[in-house]
Amino acid sequence: MAISFIGSAENSAANGADVTLTLPGPPIANDLVIVAYAIGDNDNVDFNMAMVTTGYTEVADLFANDTQDANLGVYWKVMGGTPDTTAVVDGLGGADAAVAAVCMVFRGVDTATPMDVTPTTATGINTMHPDPPVIDFADANAWTVIAGASGH
């Protein structure tokens, strides 16, 4: 089965509140859900990014310190027999923190190895142009997913 993109959803919150994403589709068993979320703040805090919804595997937890800081968390989960309908990210509080999240649902992904390359990460400041590291694919049919964050 070829990989297909089922859909995406986004949501945000002010003042460091948790963000709830309604998963598109809705997902069915064996669908891959990828969640990325960012916290923008100016308190020089490297947050321990986390999912409230259980069962997600962390891919990245990044921090870029600047006048406006950016924290980014990226996670994935293969849906079981009773797929989730929502995914909740931890806003981690903060009266002036902005939280934004996005999720993407894919079908037809190899559930034994949904990520068949080692994830790569990079951080940078003072630009709106991402410059991700090179990824060498083992499979010509692989999909690339890039997540990013920015401060407010």
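Residues numbered from 1 in each chain as written. Predicted model: local features only at pLDDT ≥ 70, side-chain atom pairs only at ≥ 80, totals over all residues. Heavy atoms only, no water.

So, about the sheet that holds strand β1 (residues 4-13). Overall, antiparallel pairing links the five strands, which are arranged β1-β7-β3-β5-β4 in an open sheet. Among the strands making up the open sheet, the edge pair consists of β1 and β4 (57-64). Neighbour to neighbour, the strand axes of the sheet diverge by 10 degrees on average, direction disregarded. Note that β1 and strand β7 (residues 98-107) share nine bridges and pair antiparallel. Bridge pairing links G7 to V105 in β7. (Pairing = 2+ DSSP bridges. Helix = DSSP H or I, 4+ residues; strand = E, 2+ residues; numbered from the N terminus. Axes fitted to C-alpha atoms, helices over the stretch in contact; angles between N-to-C directions.)

What follows deals with the environment of N71. Relative to the elements of secondary structure, N71 occurs in strand β5 (residues 69-78). Given a relative accessible area of 0%, N71 falls into the buried group. Expressed as a C-alpha distance, the spacing of N71 and T123, which sit 52 residues apart in the sequence, is 9.8 Å. Here the side chain of N71 touches F47 through a polar contact of 3.0 Å, landing on its backbone nitrogen. (Buried < 20%, exposed > 50% of the residue type's maximum accessible area, 1.4 Å probe, protein only. Polar contact = N/O pair within 3.5 Å; in protein donor to acceptor, adjacent residues only side chain to side chain.)

The next thing to look at is unusual backbone geometry. For the bond running from G25 to P26, omega is -10 degrees, close enough to zero to count as cis. By the element assignment, P26 lies in the loop between β2 (19-22) and β3 (32-41). Phi is positive for N15, close to 60 degrees, though the residue is something other than glycine. Note that N15 resides in the loop between β1 and β2. N15 gets classed as partly exposed once you look at its relative accessible area, which sits at 49%. Despite not being glycine, N30 shows a phi value in the positive range, around 80 degrees. For N30, the position within the fold is in the loop between β2 and β3.

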